[in-house]
Amino acid sequence: VAAINMDDVHAETTFQVIAGKAADGAVYASRNNIYLVLAEWTYYQSASYTRSVFLKLRLSGPEVAFDTMMWAPGQLLNQYAMSEANGMFRAATTSRAVSGWWFDTSNNLYVFDAAGNEVGAVEGLAPGETIKSVRFTTDRCYLVTFVQTDPLFVISLEATVPKVLGELKIPGFSSYLHPVNVTHMIGVGRDADPETGTERGLQFSLFDVSDELNPRQSAVRILADRGSDSEALNDAKAFQMWSASDL
């Protein structure tokens, strides 16, 4: 890990070797910590399964030090599937049954304390589906899964153990969720056939989560048809919202 002093161009860059195996997944940083993700095959009762290992690094100016390690069953989608708030680290994963078929999936949300101990979880969401997008706020998680329709889960993180508050099912899915304000989010993704799950054109949705028990899609715009594409489906930097002009 390299630490670069952005206030002093003449300061030396410091380097710290943390692990022998480089992070092969997403990287998430808060103000005080960096989390590196390793995808790892492991075994349980002679059967194999995938888990996500999180290396927590403590930041102090130019100093970087290993703090702790934690793990959760399943694979992480990207950096948006991680979050830290009030000393708690949260991660959402898609897991498969031990040595199960590819479609034996379920989705989970885990909470760890500052020492790396698992203190809460909600597991088994949307069996047979996979996570398509995640967005955290301080005390909420918005999670999208997909196989034929798009469930949007609203999950409370106010208590140690996460709690599902509401769920919305619509055709298609969102690959990226962007908060507009405390009650609305924009979803960028694809429309899909509700019967077969066949992906179709680009879909831009406005979600109203003011009633967390009953989230709803308050507006939707579908562009083009199957074969259309957008960089924003895979790269959040291709999406921009200019709130000053409502653009």
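Rules used in this analysis
- Residues numbered from 1 in each chain as written.
- Predicted model: local features only at pLDDT ≥ 70, side-chain atom pairs only at ≥ 80, totals over all residues.
- Heavy atoms only, no water.
- Helix = DSSP H or I, 4+ residues; strand = E, 2+ residues; numbered from the N terminus.
- Buried < 20%, exposed > 50% of the residue type's maximum accessible area, 1.4 Å probe, protein only.
- Contact = heavy atoms within 4.5 Å.
- Areas by Shrake-Rupley, 256 points an atom, 1.4 Å probe, with all protein chains shown as cover.
- Lys, Arg positive; Asp, Glu negative; His and termini not counted.
- Charge placed at Lys NZ, Arg CZ, Asp CG, Glu CD.
- Salt bridge = Lys/Arg side-chain N within 4 Å of Asp/Glu carboxyl O.
- pLDDT = per-residue confidence, 0-100.
- Pairing = 2+ DSSP bridges.
- Axes fitted to C-alpha atoms, helices over the stretch in contact; angles between N-to-C directions.
- Phe/Tyr/Trp six-rings, centres within 6.5 Å; stacked < 30°, edge-to-face > 60°.
- Lys NZ or Arg CZ within 6 Å of the ring centre and 35° of its normal.

What about the overall build of the protein?
Line of reasoning, step 1. Looking only at helices and strands, the protein features zero helices and 19 strands.
Line of reasoning, step 2. With respect to the principal axes defined by its C-alpha atoms, the protein has extents near 55 × 55 × 35 Å.
Line of reasoning, step 3. By residue count, 44% of the 247 residues in the protein fall in the buried class.
Line of reasoning, step 4. Here the analysis covers contacts within the protein between residues at least 6 apart in sequence; of these, 39% occur between residues at least 24 apart.
Line of reasoning, step 5. Of the roughly 13,500 Å² of accessible surface on the protein, 50% is carried by carbon and sulfur atoms.
Line of reasoning, step 6. Of the charged side chains in the protein, 18 are positive and 29 negative, and the gap between their average positions amounts to 2 Å.

Details of the pattern of salt bridges
Line of reasoning, step 1. Applying the stated rule across the entire model yields eight salt bridges.
Line of reasoning, step 2. The shortest N-O distance in the salt bridge between Arg58 and Asp67 comes to 3.5 Å.
Line of reasoning, step 3. Residue classification places Arg58 among the partly exposed residues on the basis of a relative accessible area of 41%.
Line of reasoning, step 4. In this structure, Glu199 and Arg190 form a salt bridge, with 3.5 Å as the shortest nitrogen-oxygen distance.
Line of reasoning, step 5. Glu199 sits in the partly exposed class, given a relative accessible area of 32%.
Line of reasoning, step 6. Judged by its relative accessible area of 11%, Arg190 falls in the buried class.
Line of reasoning, step 7. Because the salt bridges share partners, they merge into one network encompassing Arg140, Glu158 and Glu212.

Thoughts on the confidence of the model for the protein
Line of reasoning, step 1. Mean pLDDT over the protein works out to 88, with 92% of the residues at or above the 70 mark.
Line of reasoning, step 2. Mean pLDDT values over the elements of the protein span from 83, in strand β2 (residues 14-15), up to 96, in strand β8 (residues 82-85).

Remarks on unusual backbone geometry
Line of reasoning, step 1. Phi angles above zero are rare outside glycine, and Asn86 is one such case at about 55 degrees.
Line of reasoning, step 2. Along the chain, Asn86 turns up in the loop between β8 and β9 (88-96).
Line of reasoning, step 3. Its identity as a non-glycine residue notwithstanding, Ala126 has a phi of 45 degrees, on the positive side.
Line of reasoning, step 4. By secondary structure assignment, the location of Ala126 is in the loop between β11 (118-125) and β12 (130-136).
Line of reasoning, step 5. A relative accessible area of 13% places Ala126 in the buried class.

Here's the deal with the sheet that holds strand β16 (residues 173-179)
Line of reasoning, step 1. Strand order in the open sheet formed by four strands is β16-β17-β18-β19, and the pairing between neighbours is antiparallel. The sheet terminates laterally at β16 and β19 (216-223), the two strands that pair on one side only. Sheet twist, expressed as the mean angle between neighbouring strand axes with direction ignored, is 20 degrees.
Line of reasoning, step 2. Where strand β17 (residues 184-192) lies against strand β18 (residues 199-208), eight bridges are found, and the strand directions are antiparallel. Bridge pairing in β18 links Gly187 to Ser205.

A closer look at the packing of aromatic side chains
Line of reasoning, step 1. A complete count under the given rule lists eight aromatic pairs for this structure.
Line of reasoning, step 2. Ring geometry for Tyr80 versus Tyr176: centroids 5.8 Å apart, planes at 70 degrees, classification edge-to-face. With Tyr80 in the loop between β7 (75-76) and β8 and Tyr176 in strand β16, the pair connects residues that are 96 residues apart, well separated along the chain.
Line of reasoning, step 3. Seen from their ring centres, Phe89 and Phe112 are 6.2 Å apart, and the 35 degrees between their planes marks the pair as tilted. One end of the pair, Phe89, is in strand β9; the other, Phe112, is in strand β10 (residues 105-112), with 23 residues separating them in the sequence. Phe112 matches Phe89 in its accessibility class, with the two residues each being buried.
Line of reasoning, step 4. Three or more aromatic residues joined by ring pairs make a cluster, and in this case those are Tyr28, Tyr35, Phe54, Phe89 and Phe112.
Line of reasoning, step 5. One cation-aromatic arrangement involves Arg51 over Trp71; the distance from NZ or CZ to the ring centre is 4.7 Å.
Line of reasoning, step 6. A cation sits over an aromatic face here: Lys132 above Phe173, 4.8 Å from the ring centre.

Some thoughts on the pairing of β12
Line of reasoning, step 1. The buried fraction of β12 is high, at five of seven residues.
Line of reasoning, step 2. Inspection of the sheet shows β12 paired to strand β13 (residues 140-146) by six bridges, in the antiparallel sense. Its bridge partner lying in β13, Ile131 is registered against Thr145.
Line of reasoning, step 3. Connecting the antiparallel pair β12 and β13 is a turn made up of three residues.

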